[in-house]
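Observations on the three-dimensional arrangement
Single-letter residue listing:
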Amino acid sequence: MGVWAVPGFALMSYACTVEPLRAANLLAQRPLYEVVHFGDAASSGSAAVSADLPVGAMASLDLLLVVAGGDPFTGGDEAFDWLRKMDRAGVRIGGVSGGSVLLARAGLMDGRRMTVHWEHGPPLAEQHPDLMIEKRLYVIDRDRVTCGGGTAPLDMMHALIAGDHGHVFARLVMDWFLHTDVRAAAAPQRAGLAERMGVHSPHLVSAIAAMEDHIADPLALDQLALIAGVSGRHLNRLFTDVLGQSAMNYYRNMRLDVGHRMIRGSALPISEIGRATGFATPAHFTNAYTRRYGHSPRSARAA
């Protein structure tokens with residue numbers, strides 16, 4: 001198995017990807033997996049990974065996983081031809097955390113289902129509207145494997161090891177890491193709204209879930225009310241009583257918060273970030289952002 005840890009990669013995602021393979025070899029008392037690292041790289045926390053082969057080298061692999069973090073929307077272009085060559089050579093290719101974004105930018109996710117870290121979802125969908133992005137921990141679609149990152153690679157590696165050596169052995173590997181509650185691929189990437197926000201009204205939960213699903217294409221109040229099963233006036237009253245602001249004000253702030261994370265965590269043009277968060281013009285986004293945060297988007301990026 002090959003691993004390309006892109007400079008600035010997330011150490012948690014990397015460890016949850018490669019450590020199950022080491023444990024599988026240890027528990028089997030024989031080498032079930034060989035990990036080949038492509039390119040020297042340091043993680044976002046300065047942990048270093050040494051290369052076995054340079055990026056661009058061709059090798060006979062069952063699977064090549066791209067592990068990336070930081071801002072996967074810039075850089076990496078020099079490796080796209082290599083990834084496409086690996087694909088044409090019949091190598092199964094996957095992305096972990098921001099690695100899924102790199103695969104999409106390389107054109108390797110066309111016609112394949114995929115997932116990505118929830119923070120990268122809106123800008124990726126904005127740039128590549130034809131992608132089939134799903135809100136899952138991981139997706140295995142034929143010759144593509146994608147994973148949201150964080151601890152989700154543990155669950156993905158359980159599935160891959162189970163496919164190679166059976167569920168009983170894969171469970172032993174997960175027990176080695178005290179990961180006794182292996183999650184299904186379709187499990188959510190984030191905690192439920194009620195747990196995450198302390199909101200228990202089913203009408204509010206339905207409305208907020210719809211808002212999160214429609215960041216780039218905002219819904220109107222009457223559409224949200226229809227989804228929540230109440231009138232627009234009643235929905236507004238619920239938001240004001242429980243969350244201290246109107247439904248649409250809450251929705252706008254949610255979209256601005258997404259935009260704020262994208263400004264601080266990516267190099268995407270501010271105009272694209274505005275579109276990805278549902279603002280009709282760059283000026284509209286800039287004005288709303290400045291009112292919420294007290295400074296312009298450009299100032300936030302420069303800080």
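All of the points below concern the structure found in this document. Computed from a predicted model, the values in this text were never measured in an experiment. (Residues numbered from 1 in each chain as written. Predicted model: local features only at pLDDT ≥ 70, side-chain atom pairs only at ≥ 80, totals over all residues. Heavy atoms only, no water.)

1. Some thoughts on the overall build of the protein chain
Looking only at helices and strands, the protein chain features 14 helices and ten strands. Seen through its principal axes, the protein chain has C-alpha atoms that stretch 65 × 40 × 35 Å. Looking at the 303 residues of the protein chain, the share that counts as buried comes to 47%. In the protein chain, the share of contacts with a sequence separation of at least 24, taken over all contacts with a separation of at least 6, comes to 64%. Working note: accessible area of the protein chain is about 14000 Å², and carbon and sulfur atoms make up 53% of it. Considering the protein chain, the positive charge centre built from 28 side chains and the negative charge centre built from 29 side chains are found 6 Å apart. (Helix = DSSP H or I, 4+ residues; strand = E, 2+ residues; numbered from the N terminus. Buried < 20%, exposed > 50% of the residue type's maximum accessible area, 1.4 Å probe, protein only. Contact = heavy atoms within 4.5 Å. Areas by Shrake-Rupley, 256 points an atom, 1.4 Å probe, with all protein chains shown as cover. Lys, Arg positive; Asp, Glu negative; His and termini not counted. Charge placed at Lys NZ, Arg CZ, Asp CG, Glu CD.)

2. A look at the sheet that holds strand β6 (residues 92–97)
The sheet built from six strands is open, its strands ordered β2-β1-β5-β6-β10-β9 with mixed pairing. Only two strands of the sheet have a single neighbouring strand rather than two, namely β2 (36–37) and β9 (138–141). The pairing of strand β1 (residues 2–5) with β2 spans two bridges and is classified as parallel. Within β2, the residue paired with glycine 2 across the bridge is valine 36. In the packing of helix α2 (residues 80–88) onto the sheet, contacts are made with β1, β5 (63–68), β6 and β10 (144–147), and the angle to β5 comes to roughly 155°. (Pairing = 2+ DSSP bridges. Axes fitted to C-alpha atoms, helices over the stretch in contact; angles between N-to-C directions.)

3. Description of the packing of aromatic side chains
For the structure on display, the rule yields seven aromatic pairs. On the basis of an interplanar angle of 55° and a centroid distance of 5.1 Å, the ring pair of phenylalanine 38 and tryptophan 82 is categorised as tilted. In this pair, phenylalanine 38 sits in the loop between β2 and β3 (41–42) while tryptophan 82 sits in helix α2, placing the two residues 44 residues apart along the sequence. Both residues of the pair, phenylalanine 38 and tryptophan 82, count as buried. With a centroid separation of 4.5 Å and 40° between ring planes, the pair formed by tyrosine 289 and tyrosine 293 is classed as tilted. Of this pair, tyrosine 289 and tyrosine 293 both sit in helix α13 (residues 282–293), four residues apart, which is roughly one turn of the helix. Joined through ring pairs, the aromatic side chains of Phe279, Phe285, Tyr289 and Tyr293 make up one cluster. Against the face of tyrosine 251 rests arginine 255, its NZ or CZ located 5.7 Å from the ring centre. (Phe/Tyr/Trp six-rings, centres within 6.5 Å; stacked < 30°, edge-to-face > 60°. Lys NZ or Arg CZ within 6 Å of the ring centre and 35° of its normal.)

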